[in-house]
Amino acid sequence: QKEVEQNSGPLSVPEGAIASLNCTYSDRGSQSFFWYRQYSGKSPELIMFIYSNGDKEDGRFTAQLNKASQYVSLLIRDSQPSDSATYLCAVTGDAGNNRKLIWGLGTSLAVNP
Amino acid sequence: ETGVTQTPRHLVMGMTNKKSLKCEQHLGHNAMYWYKQSAKKPLELMFVYNFKEQTENNSVPSRFSPECPNSSHLFLHLHTLQPEDSALYLCASSQAPNDGYTFGSGTRLTVV
């Protein structure tokens with residue numbers, strides 16, 4: 001059973017701090033990694049994707065991928081109350097699994113003013 | 001109209017009703033998806049269409065019937081649903097299968 005695991009939280013950080021969200025996955029053949037943000041009562045929204053080991057930065061967001069350790073993380077710098085949401089990690093399976101997207105349950109983030 | 005549009009936003013139906021969910025994407029994407037989102041569960045993939053051909057049916061009960069007349073439109077026909085089918089149904093599209101998705105706003109379905 002291919003799995004993606006996230007700490008459900010809630011992760012609580014003060015405004016202006018760095019929020020660190022982590023995701024581990026079981027399929028060593030995974031190749032594409034995505035972070036989605038979902039506000040309460042809304043649909044998920046793609047915020048970052050990463051394919052290669054290392055860091056990828058986009059504004060206040062940085063995705064970090066370590067394939068050897070099978071984890072991907074999302075850092076949010078200068079956290080704002082508007083960042084309060086659930087963050088979903090999604091990982092494509094390997095070719096034998098038809099590269100299906102496998103989803104985590106999400107981590108709830110609360111940024112306190 | 002931009003992005004992915006889903007209608008209706010909310011739907012309450014009895015177990016003997018027949019209803020349809022509609023999804024339209026204005027992004028020129030080639031792949032479209034139906035997902036089910038329930039509390040305390042990961043997103044569940046239901047169906048995948050690529051270039052309007054169904055490429056995946058994730059063991060979905062036959063009371064859910066998808067239809068994809070073209071690459072821009074996707075329907076989910078609902079018939080004799082059960083209360084446990086109550087959930088948020090999300091449509092998504094992507095340029096290619098398993099690229100990053102753009103989701104619609106979802107249909108909150110309640111089966112009574």
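Here, every reference points to the structure presented above.
Everything numeric in this text was worked out from a predicted model, so none of it was measured.

**A word on the interface of chain A and chain B**
Many analyses report the size of an interface as the accessible area lost when the parts associate. With 15 residues of chain A in contact, the opposing surface of chain B contributes 17 residues. Between chain A and chain B, a total of about 1,300 Å² is buried, with carbon and sulfur atoms accounting for 54% of that surface. The interface formed by chain A and chain B includes 0 salt bridges. For the pair chain A and chain B, the number of links is 4 residue pairs in polar contact (both at pLDDT 80 or more). When contributions to the side of chain A that touches chain B are tallied by element, the ones reaching two or more residues are β4 (33–38), β9 (85–92) and β10 (101–103) of chain A. Ranked by the residues each element gives to the side of chain A that touches chain B, the list is headed by β4 of chain A, at 3 residues.

**Remarks on the state of the cysteines**
If you walk through the whole model with that rule in mind, you get 2 disulfides over all chains. In this model, C23 of chain A is linked to C89 of chain A through a disulfide, with the two sulfur atoms separated by 2.0 Å. Since a negative S-S torsion denotes a left-handed disulfide, the C23 of chain A-C89 of chain A link at about -75 degrees is left-handed. With C23 of chain A in strand β3 (residues 19–25) and C89 of chain A in strand β9, this pair connects stretches of sequence that are 66 residues apart. Overall, the relative accessible area of 1% leaves C23 of chain A in the buried class. Of all cysteine sulfurs, the one in C91 of chain B lies closest to C68 of chain B, which takes part in no disulfide; the gap is 9.1 Å.

**A short note on the side chain of Q25 of chain B**
All names here are of chain B. Along the chain, Q25 falls in strand β3 (residues 18–25). Polar side-chain contacts of Q25 include one of 2.7 Å to the backbone oxygen of H29. When sequence neighbours within four positions are dropped, the list of residues in contact with Q25 reads G3, V4, M32, S71, S72 and S93.

**Description of the nonpolar core**
Judged by nonpolar contacts, the single largest core of 24 residues is most densely connected at W35, V72, L74, I76 and Y87 of chain A. Broken down by secondary-structure element, the contributors of at least two residues to this core are β3, β4, β5 (45–50), β7 (61–66), β8 (71–76), β9 and β11 (107–112) of chain A. Ignoring sequence-local partners within four residues, the contact set of V72 of chain A consists of L21, N22, C23, F33, W35, I50, Q64, L65 and C89 of chain A. M46, V60, L74 and L78 of chain B belong to the second-largest nonpolar core, a separate cluster that totals 22 residues.

**A few points about the pattern of salt bridges**
By the definition in use, this model includes 4 salt bridges over all chains. Between R60 of chain A and D83 of chain A there is a salt bridge, and its shortest N-O distance comes to 2.9 Å. Pair noted here: R60 of chain A is in the loop between β6 (54–58) and β7 and D83 of chain A is in the loop between β8 and β9, with a separation of 23 residues, a long-range link. Judged by its relative accessible area of 26%, R60 of chain A falls in the partly exposed class. Measuring nitrogen to oxygen at the nearest pair gives 2.7 Å for the salt bridge that ties D85 of chain B to R63 of chain B. Residue D85 of chain B is located in the loop between β8 (73–79) and β9 (87–94), and its partner R63 of chain B is located in the loop between β6 (53–57) and β7 (64–70); the two are separated by 22 residues in the primary sequence. For R63 of chain B, a relative accessible area of 22% translates into the label partly exposed.

Rules used throughout
Residues numbered from 1 in each chain as written. Chains lettered and ligands numbered in written order. Predicted model: local features only at pLDDT ≥ 70, side-chain atom pairs only at ≥ 80, totals over all residues. Heavy atoms only, no water. Contact = heavy atoms within 4.5 Å. Buried area = accessible area lost by both parts, 1.4 Å probe. Salt bridge = Lys/Arg side-chain N within 4 Å of Asp/Glu carboxyl O. Polar contact = N/O pair within 3.5 Å; in protein donor to acceptor, adjacent residues only side chain to side chain. Helix = DSSP H or I, 4+ residues; strand = E, 2+ residues; numbered from the N terminus. Disulfide = S-S within 2.5 Å. Buried < 20%, exposed > 50% of the residue type's maximum accessible area, 1.4 Å probe, protein only. Core = buried A, V, L, I, M, F, W, Y, C linked by side-chain atoms within 4.5 Å.

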